[in-house]
Amino acid sequence: MKDIFDNSFVLKVIWKWRIHLAAAGAAAIIFAAVFSSPFFIEPKFKSEGRLYPANIETYSEESESEQMLEILNSYDIKRRMAETFNLAERYKVAPDDPYYRTKILKKYEDHVDCKKTEYESVEIKVLDTEPQVASDMVDSIISFYNQKVYSVRAKRYAELAETYKRDYDLKVAEVDSLNKRMEVLRKNYGLLSYEIQSEQTSMGYMTALADGAPKSSVEEIKKVMDNLSEKGGEFFMMEKEMQGLLIMRDTLRKRYDKALSYSTQKATFSAVVEEPFPADKKSYPVRWLIVFVSLVATEFLALAIVFVLEKLEITKS
């Protein structure tokens, strides 16, 4: 029995069936060309844009571009795109279909691709039957991304501002309460600043005694010293507490103002380095590739059938 995989035998078989193989190949080319034409497969145009994240803060260990990618692929943006461009009609998905959401998301993912590049930028590609729509969809995805980031950022800083405002109000109340207690000591004991008064009173008392000042003046100074001795320590502690409270109050006020400013600040959260534009040449389907694959597959199948027939013939003989 001849080896059907012998080179000479293979060539002989191919030559014997050359007309049939050529006819099968020609038929494959014709059918592939016809069925890949616009009559059967609607051509689609690709538009793409490339952007870098800007003015954003990461919330975990992921990079800024990875965070951008998470937001671009979020359901919220997909839903807005479906509503804005009426994707149910464009993708021929019935709104009353029980699996409407699953199908529309699958169609969206088949037509829209967002991925990170090796240079940490994010690339957005959209396929559509209308080149202008494809370009508009890329623009809208970028716009919706900016709006989404702004919304998340505004909410976050508004909540932060509210927390700072609450803490600030508490510190203001503490300052007012402490100030009232200190005011009592100021009025009743004439205490203004423990460190300054202690130093000046001691010096004044010694000077008055040395200069032979009137008894009334010495007694007045002595009264202040007695007040400092009695309530000075308490007043000193209040002064230190007040200094700490004022620092905390002013710090909270600055943080509140900053958070409030960020919560209302309009900003662009992406730097577009490649603007989308309507394509002038279709990207799908690639007809030559379809024809080539069809030709190779057909010829392979035809050769397999031919070799089976030859083997059967050899076996019979």
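Structure first, text after, so check above.
Residues numbered from 1 in each chain as written. Predicted model: local features only at pLDDT ≥ 70, side-chain atom pairs only at ≥ 80, totals over all residues. Heavy atoms only, no water.

### Observations regarding the overall build of the protein chain
The condition that has to hold: Numbering of helices and strands runs from the N terminus; a helix is a DSSP stretch of H or I covering at least four residues, while a strand is a stretch of E covering at least two. Only protein chains enter the accessibility calculation, which uses a 1.4 Å probe; a residue is then buried when its area is under 20% of its type maximum, exposed when over 50%, and partly exposed in between. For this analysis, residues touch if any pair of their heavy atoms sits within 4.5 Å. All accessible areas in this document rest on Shrake-Rupley with a 1.4 Å probe, and a residue is counted as covered only by the protein chains that are shown.
What the protein chain contains, in helices and strands, is 10 helices and four strands. Starting at the N terminus, the α and β elements of the protein chain follow one another as α-α-β-α-α-α-α-β-β-α-α-α-β-α. Among the 317 residues that make up the protein chain, the fraction classed as buried is 31%. Here the analysis covers contacts within the protein chain between residues at least 6 apart in sequence; of these, 79% occur between residues at least 24 apart. Summed over its atoms, the accessible surface of the protein chain is roughly 20,400 Å², and 58% of this surface lies on carbon and sulfur atoms.

### Here's the deal with the sheet that holds strand β3 (residues 122–128)
Formally: Each pair of strands is called paired provided DSSP finds at least two bridges between the two strands. Structural elements are reduced to axes, namely lines fitted to C-alpha atoms, with helices fitted over the stretch in contact, and the angle between N-to-C directions of any two is expressed from 0 to 180 degrees.
Strand order in this open sheet of four strands is β2-β3-β1-β4, and the pairing throughout is antiparallel. Since the sheet does not close on itself, it has two edges, and those belong to β2 (112–116) and β4 (270–274), each with one partner. Neighbouring strand axes in the sheet, compared pairwise and without regard to direction, differ in orientation by 25° on average. As judged from the four bridges shared by strand β1 (residues 45–53) and β4, these two strands associate in the antiparallel manner. Residue pairing across strands places Pro53 opposite Ser270, the latter belonging to β4. Helix-sheet contacts for helix α3 (residues 64–72) involve β1, β2, β3 and β4, and the interaxial angle to β2 is about 165°. Lying on the sheet, helix α6 (residues 100–111) is in contact with β2 and β3; it crosses β2 at an angle near 60°.

### With respect to the environment of Leu303
Looking at the secondary structure, you find Leu303 in helix α10 (residues 287–316). Residues contacting Leu303, with those up to four places away along its chain left out, are Ile14 and Leu21.

### As for the packing of helix α4 (residues 75–84) against α6
As a reminder of what qualifies: Every angle not falling under 35 degrees, over 145, or within 65 to 115 is termed oblique; those three ranges are roughly parallel, roughly antiparallel and roughly perpendicular. For this classification, Asp, Glu, Lys and Arg are treated as charged, while Ala, Val, Leu, Ile, Met, Phe, Trp, Tyr, Cys and Pro are nonpolar and the rest, including Gly, are polar.
At a minimum axis distance of 11 Å, the contact between α4 and α6 shows a crossing angle of 90°. Between α4 and α6, the angle is such that the two are roughly perpendicular. Note on element contacts: α6 touches α4 through Arg101, Leu105, Tyr108 and Glu109, opposite Tyr75, Lys78 and Met81. Residue classes in the contact of α4 with α6 are distributed as four nonpolar, no polar and three charged.

### Thoughts on the environment of Lys281
Along the polypeptide, Lys281 turns up in the loop between β4 and α10. It is 6.7 Å that separates the C-alpha atoms of Lys281 and Phe45, two residues lying 236 residues apart in sequence.

### Section: the side chain of Asn146
For the record, the criterion: As used in this structure description, the phrase polar contact means that two N or O atoms lie within 3.5 Å; if the pair is within protein, one of them must be able to donate a hydrogen and the other to accept it, and residues adjacent in sequence are counted only when both atoms belong to side chains.
In this structure, Asn146 sits in helix α7 (residues 131–189). Given a relative accessible area of 16%, Asn146 falls into the buried group. A polar atom in the side chain of Asn146 sits 3.3 Å from the side chain of Ser270. Ignoring any residue separated from it by four or fewer positions in sequence, one finds Asn146 in contact with Thr268, Phe269 and Ser270.

### A few points about the pattern of salt bridges
Defined as follows: Put simply, a salt bridge is a Lys or Arg side-chain nitrogen that is within 4 Å of an Asp or Glu carboxyl oxygen.
With the rule as written, the count across this model stands at 17 salt bridges. For Lys148, the salt bridge identified is with Asp76, shortest N-O distance 3.5 Å. With Lys148 in helix α7 and Asp76 in helix α4, this residue pair connects regions lying 72 residues apart in the sequence. Classification of Lys148 as partly exposed rests on a relative accessible area of 26%.

### Here's the deal with helix α2 (residues 18–35)
An α-helix turns once every 3.6 residues. As a result, residues three or four positions apart point the same way. Put simply, the rule reads: Given the number of residues in a helix, its expected span is that number minus one, multiplied by 1.5 Å. Within this analysis, the arc is defined by the directions that extend from the helix axis to the C-beta atoms.
Between its first and last C-alpha, α2 extends 25 Å over 18 residues, near the 26 Å set by a 1.5 Å rise per residue. Buried residues of α2: Leu21, Gly25, Ala28 and Ala32, and no others. Buried residues in α2, looked at end-on, bunch into an arc of 60°, giving them a common side. Pointing more than 90 degrees away from the buried face of α2 are the exposed residues Ile19, His20, Ile30 and Phe31.

### Observations regarding a nonpolar patch on the surface
Put simply, the test is: Exposure above 30% relative accessible area and no salt bridge define the residues that can form patches, which grow by joining like charges within 9 Å and nonpolar side chains of Val, Leu, Ile, Met, Phe, Trp and Tyr within 5 Å.
A cluster of nonpolar side chains, contributed by Val286, Trp288, Leu289, Phe292, Val293 and Val296, occupies part of the molecular surface with about 590 Å² of accessible area. Under the relative-accessibility criterion, Trp288 is labelled exposed at 61%.

### Thoughts on the pairing of β3
Side-chain direction in a regular strand flips from residue to residue, so the side chains alternate between the two faces of the sheet. Taking burial as the measure, the seven residues of β3 include five buried ones, the bulk of the element. Of the strand pairs in this sheet, β1 and β3 are connected by seven bridges, and their pairing is antiparallel. Within β3, the residue paired with Gly49 across the bridge is Ile124. As defined by bridge partners, β2 adjoins β3 across five bridges and the pair is classed as antiparallel. Considered in β3, the bridge of Asp113 is made with Lys125. The loop that links β2 with its antiparallel partner β3 comprises five residues; one of these, Glu120, has a positive phi angle of about 70°.

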